[in-house]
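If you want the building blocks of each chain, they are given just below.
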Amino acid sequence: MLDLSSKNFHEKYQEIGSGKKFIECGSGEGNMSYRMSRLGYHCTMLDYSELALQKAKVKFKNVSAKDKLFIKGDLNSLPIEDSTYDIVFSGGVLEYSNDLNKWISEMSRILKPGGIFSASIFPKKFSIQTLAHFLNTPISFLSKIHKKNYKGAFRIRTSFPENYPIKNYKVKDYIASLEKAGIKLIKSGGANPYFRIDLPVKSENAYAKFLTKRFSPFYNYFNSKDNLFTNTFGITYEFLGIKK
């Protein structure tokens, strides 16, 4: 669903700002940055893993040099000057932090006044994806039996391996850290009502395209709300705000 997410973020960014200097903190291979670069953003990818950055460089090999930058570093102490970026983004990163205030403070520090703070969180919680696993478990079972992976076939499908060190931060914890870092929030809560189904790649892509074509108004409506329903059933938490 990343293509739909990047377009959705782009539309939101354009509503509240005009800058195109974008940094992805904890970028991994730079999937989000790559899609944002195709929408006209000048992208910096920051990650502590040299291997991840090397893979990102391969992905960006045909992108203009002025539109890409790769930095090795971590969120405890970003090797970047204050007030550098128009947009600071992280996806699937903050939920692993041992010091949420520190990481968010660092992200805010490198953001220009009036710049956009944007973060997607993948919490380990009940969501519509939990319900979808009742469908994914038998699909996974049949797939593993076909591949003769008999040991793995009898495992209940979950969103995360048990050993993933995801912290149990609540929406209110992120809000408190963001406000402390000087971010005025526009969106803060549950998002992403589209669950994933364990299908072959071509089938999953067709499913994603179908949802994008038929239900993007619902996706945008769901993501615009902050309430108990979206916080419960949304697969992610989304935070969007402006640095004061």
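Treat the numbers as computed from the prediction; the structure is a model and nothing was measured. (Residues numbered from 1 in each chain as written. Predicted model: local features only at pLDDT ≥ 70, side-chain atom pairs only at ≥ 80, totals over all residues. Heavy atoms only, no water.)

### Things to note about the packing of aromatic side chains
At step 1: If you walk through the whole model with that rule in mind, you get 17 aromatic pairs.
At step 2: Seen in terms of ring centroids, tyrosine 13 and tyrosine 41 are 6.4 Å apart; in terms of plane orientation they differ by 75°. Their pairing is edge-to-face. Here tyrosine 13 is found in helix α1 (residues 2–16), whereas its partner tyrosine 41 is found in the loop between α2 (31–37) and β2 (42–47), with 28 residues between them in sequence.
At step 3: A residue is classified by how much of its surface remains accessible, and tyrosine 13, at 1% relative accessible area, is buried.
At step 4: For tyrosine 41, a relative accessible area of 0% puts it in the buried group.
At step 5: Between phenylalanine 210 and phenylalanine 215 the ring centres are 5.9 Å apart and the planes differ by 75°, which places this aromatic pair in the edge-to-face class.
At step 6: Chaining the aromatic ring pairs together yields one cluster made of Phe9, Tyr13, Phe22, Tyr41 and Phe89.
At step 7: Here lysine 20 stacks its cationic end above the ring of tyrosine 41, 4.9 Å away from the centre of that ring. (Phe/Tyr/Trp six-rings, centres within 6.5 Å; stacked < 30°, edge-to-face > 60°. Helix = DSSP H or I, 4+ residues; strand = E, 2+ residues; numbered from the N terminus. Buried < 20%, exposed > 50% of the residue type's maximum accessible area, 1.4 Å probe, protein only. Lys NZ or Arg CZ within 6 Å of the ring centre and 35° of its normal.)

### Some thoughts on the pattern of salt bridges
At step 1: This model, assessed by the stated rule, comprises six salt bridges.
At step 2: The salt bridge partner of lysine 187 is aspartate 226, with a shortest N-O separation of 2.8 Å. Of the two residues, lysine 187 is situated in strand β6 (residues 183–191) and aspartate 226 in the loop between α8 (201–223) and α9 (228–233); the sequence distance between them amounts to 39 residues.
At step 3: When salt bridges with common partners are traced through the structure, they connect Asp82, Glu106 and Arg109 into a single cluster. (Salt bridge = Lys/Arg side-chain N within 4 Å of Asp/Glu carboxyl O.)

### Topic: helix α4 (residues 100–109)
At step 1: When α4 is considered as a whole, its buried residues turn out to be Leu100, Trp103, Ile104, Glu106, Met107 and Ser108.
At step 2: Taken together, the buried residues of α4 touch β1 (21–25), β4 (85–91), β5 (111–121), α7 (171–180), β6 and β7 (236–243). (Contact = heavy atoms within 4.5 Å.)

### Details of a nonpolar patch on the surface
At step 1: On the surface, a nonpolar cluster with roughly 420 Å² of combined accessible area is contributed by Phe210, Phe215, Phe218 and Tyr221.
At step 2: With respect to the element layout, phenylalanine 210 can be found in helix α8. (Patch = residues over 30% accessible without salt bridge, like charges linked within 9 Å, V, L, I, M, F, W, Y side chains within 5 Å. Areas by Shrake-Rupley, 256 points an atom, 1.4 Å probe, with all protein chains shown as cover.)

### Digging into the side chain of threonine 84
At step 1: One can find threonine 84 in the loop between β3 (68–72) and β4.
At step 2: For threonine 84, a relative accessible area of 17% corresponds to the buried category.
At step 3: In terms of polar contacts, threonine 84 uses its side chain to reach the backbone carbonyl oxygen of glutamate 81, at 2.6 Å.
At step 4: Every residue in contact with threonine 84, bar those within four places of it in the chain, is listed here: Lys21, Ile110 and Lys112. (Polar contact = N/O pair within 3.5 Å; in protein donor to acceptor, adjacent residues only side chain to side chain.)

### Topic: the pairing of β1
At step 1: By the criterion of burial, β1 is predominantly enclosed, with four of the five residues buried.
At step 2: Note on the crossover from β1 through α2 to β2: the handedness is right-handed.
At step 3: Summarising the sheet, β1 and β4 pair through three bridges and their orientation is parallel. Paired with isoleucine 23 across the bridge in β4 is valine 88. (Right-handed = clockwise from strand over helix to strand, strands pointing away. Pairing = 2+ DSSP bridges.)

### A closer look at the sheet that holds β6
At step 1: Taken in spatial order, the seven strands make up an open sheet running β3-β2-β1-β4-β5-β7-β6, and their pairing is mixed. With partners counted over all chains shown, the strands left at the sheet margins are β3 and β6, one partner each. Neighbour to neighbour, the strand axes of the sheet diverge by 15° on average, direction disregarded.
At step 2: Strands β5, β6 and β7 of the sheet are contacted by α7, whose axis makes an angle of about 165° with β6. (Axes fitted to C-alpha atoms, helices over the stretch in contact; angles between N-to-C directions.)

### A short note on unusual backbone geometry
At step 1: Phi at serine 83 is positive, roughly 50°, even though this residue is not glycine.
At step 2: Residue position: serine 83 is located in the loop between β3 and β4.
At step 3: The class for serine 83 is partly exposed, based on a relative accessible area of 36%.

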